[in-house]
Structure formats: structure tokens, C-alpha cells
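The primary structure of each chain is shown beneath.
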Amino acid sequence: MNAHEIDYHIYGEEMQFVEIELDPNEGVVAEAGSFMMMNDGIKMDTIFGDGSNQDEGVLGKLFSAGKRLLTGESLFMTIFSNIGVGKKQVSFAAPYPGKIIPIDLSEIGGKFICQKDAFLCAAKGVSVGIEFSKRLGRGLFGGEGFIMEKLEGDGLAFVHAGGTMSKKVLQAGEILKVDTGCIVGFTKDVDYDIEFVGGIKNTVFGGEGLFFATLKGPGTIYVQSLPFSRLAGRVLALAPQTGNKTRGEGSVLGGLGRILDGDNS
């Protein structure tokens, strides 16, 4: 498997986007909805699956697309190819505040396992598949379920993490305990399992859930400070309920108006 060799530049701090530079006949595959902008001379094609097995006939394409259904993603992905003369650029934006992480699969053994909604884009030729959990506890309580996304090949892939990203390199036998929702991804040799928090007070009053994710080295792990599910939950909790009236920041009464309305948070 030989993925296209692409160049890139990541722009921004909190709301990032990645600009991919394509030589003639090079391509990049991306999730639907991540496209931001591109130069003239780049052709966009919607395909089944990830485009890594487009020469395997109809059954190969259907199998690739079916794998994506299991991860909750769309049947289709989009390939952007440079059909013009000279270098062209195409850009893809992060879906929410956080960091875009470049993963060179050729440097980590050709495989990276990540949460289902982390993948953003990759060089054409990178396979985007599924990774089944073989452990019942991990599948039921691990936060990511029985299925995670698997990126394979020898090219560049880009994943997205919410908030601030932390990269941890574990030595053989070294263990890191992580909130189950904060895992972005890890290299193929990392042993991933879950562990019960333990203790009545921790379980009932801790507010951190019943389980940790335990990741055992050797390998590299990427951890995010703000999973999208946590961000969405807090926004939803603070959103006005249907029928409630609130005074905006531009109100004549301002903060006093919110106190009179009962919103004194």
C-alpha cells in the first residue's frame, strides 16, 4: 500500500484548519462536511468508503462503505484530486474548538486506532476501517463502545481532538489511566482496557463515571481535554428551556434584567 505523499500546513489556534498541498495527480480523502476551500484545478469526487480499494470491484467498494456504517459515519467520502498543472491547495476545517493532529502512519507501524468521530482527512491510499473490541467490559463501559476507527497505510492522516491535546509516550509496561471520553487515539501496540473506579463514595458522589480507561505501553497515546460530548452536554444544560424568556447581553437592564428573570448564575 503506497499512499500519496502530501504536504500540509495547520493554521489557527482554537479553531484550526489544515491546508493540504497536492502535486499533480495527488489526492486526499476527507469526511463529508469537513471541506473548507480549494484552488481551481482540484476535482472533487464522492465515492463509497475511503477510496483505498477502488480497484477491487463493486464488492470491495460495498465492503468499504459497510465498514463505515458500523462506525456511525456516512457511506460516502470525498476525494479531492489535483488534475491541473502545478501545486494546488485544498483546506479542511476542524468541526469544533480543538487541535488537528497529523499522524504519519509510516512512522508508527502503519496503524492508528482512534475514536469514531476523530478522523478528518488523509492522503489517498490510507484505509479507514473499523477496530472491534475483543473485551466485553471495554465494549460495554469503555465510552467508545465495541467499535473504534482504524487508520492503516503508509501516508499522512489527520485527526481532531477537542480542547487541548496531550501526547503521551508510554514505555513497555507503563500504564496511564484516562477518562473514557478523553481518548483521541493510540498506536497499535497499546493495550486498551477499562478499570472500575472503586469505592462507594467515588462511585456515588465522584461525578467522574464508574470506569477509567487503562492504556498500557509501549506506544503513543493522544488525549483531549474537552470531548465534544462533554461540551455539548454542558451547553445543553445551560441552554434556556422551551418557553423560558431571557434577556440578552444587549438588554437595557443587562445583568439586572437576568437577576429579575431569575437567571443569577
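This text follows the structure it describes.
Heads up: these notes are all about the structure in this document. Quick caveat, the model's predicted, so the values are computed rather than measured.

**Quick look at the overall build of the chain**
Right, on to step 1. Broken down by element type, the chain carries five helices and 19 strands.
Right, on to step 2. Expressed as a percentage of the 265 residues in the chain, the buried residues total 42%.
Right, on to step 3. Looking at the chain alone, contacts between residues at least 24 apart form 76% of all its contacts between residues at least 6 apart.
Right, on to step 4. As displayed, the chain offers around 14,100 Å² of accessible surface, 55% of which is attributable to carbon and sulfur atoms.

**What to know about the nonpolar core**
Right, on to step 1. Judged by nonpolar contacts, the single largest core of 38 residues is most densely connected at I20, F92, L151 and V159.
Right, on to step 2. In this structure V159 touches K99, I100, I101, I103, F112, C114, A118, F119, L120, L151 and V184, once residues within four positions along its chain are discounted.

**Comments concerning the packing of aromatic side chains**
Right, on to step 1. Taken as a whole and judged by the stated rule, the model has six aromatic pairs.
Right, on to step 2. One aromatic cluster is present, formed by F35, F80 and F92 through successive ring pairs.

**Some thoughts on the pattern of salt bridges**
Right, on to step 1. Overall, the coordinates contain seven salt bridges when judged by the stated rule.
Right, on to step 2. Between K99 and E13 there is a salt bridge, with the nearest N and O atoms lying 3.8 Å from each other. Note that K99 is positioned in strand β8 (residues 98-104) and E13 in the loop between β1 (7-11) and β2 (17-22), a separation of 86 residues in sequence.
Right, on to step 3. Overall, K99 belongs to the partly exposed group, its relative accessible area being 23%.
Right, on to step 4. In this structure, K111 and E131 form a salt bridge, with 3.4 Å as the shortest nitrogen-oxygen distance. Of this pair, K111 sits in strand β9 (residues 111-114) while E131 sits in strand β11 (residues 127-132); the two residues are 20 residues apart in sequence, bridging distant segments of the chain.
Right, on to step 5. Given the relative accessible area of 17%, E131 is considered buried.

**A look at unusual backbone geometry**
Right, on to step 1. Omega for the bond connecting G217 with P218 falls within 30 degrees of zero, at 20°, which places this linkage in the cis form.
Right, on to step 2. With phi around 75°, N25 is a residue other than glycine that occupies positive phi space.
Right, on to step 3. One can find N25 in the loop between β2 and β3 (27-30).
Right, on to step 4. Overall, the relative accessible area of 67% leaves N25 in the exposed class.

**Some points on the sheet that holds strand β7 (residues 88-93)**
Strands pair in a sheet through their backbones, by hydrogen bonds, and they do so in one of two ways: parallel or antiparallel.
Right, on to step 1. With respect to topology, four strands assemble into an open sheet ordered β1-β2-β7-β4, the strand pairing being antiparallel. At either end of the open sheet lies a strand with only one pairing partner, and these are β1 and β4 (35-38). Strand after strand, the sheet turns through a mean of 20° between neighbouring axes, direction not considered.
Right, on to step 2. For β2 and β7, the ladder comprises six bridges, and the chain directions are antiparallel. Across the sheet, residue V18 finds its bridge partner in β7, namely F92.

About the cut-offs
For every chain, the first residue of the written sequence is number 1, and numbering continues from 1 along that sequence. Only residues with pLDDT of at least 70 get local features here, since the model is predicted, and only at 80 or more are side-chain atom pairs given and counted; chain-wide, interface and lining totals rely on the full set of residues. Processing note: side-chain calculations cover all non-hydrogen atoms of the structure and skip hydrogens and water entirely. Helix and strand assignments follow DSSP, with helices taken as H or I runs no shorter than four residues and strands as E runs no shorter than two, numbered in order from the N terminus. Partly exposed describes any residue whose relative accessible area lies between the buried limit of under 20% and the exposed limit of over 50%, with all areas from a 1.4 Å probe on protein chains only and scaled to the type maximum. Working rule for contacts: check all heavy atoms of both residues, and any pair within 4.5 Å makes them a contact. Here the Shrake-Rupley method, with its probe set to 1.4 Å, supplies the accessible areas, and only the displayed protein chains count as covering residues. Residues belong to a common nonpolar core when they are buried Ala, Val, Leu, Ile, Met, Phe, Trp, Tyr or Cys residues joined through side-chain atoms within 4.5 Å. In summary, the pairing rule links any two rings of Phe, Tyr or Trp, Trp by its six-membered ring, whose centres are within 6.5 Å, and it sorts them by plane angle into stacked for under 30 degrees, edge-to-face for over 60 and tilted for everything else. One speaks of a salt bridge when a side-chain nitrogen belonging to Lys or Arg is within 4 Å of a carboxyl oxygen belonging to Asp or Glu. DSSP-based pairing: two strands are paired if at least 2 bridges between them are found. Between N-to-C directions, angles span 0 to 180 degrees; the directions come from axes that are lines fitted to C-alpha atoms, helices contributing only their stretch in contact.

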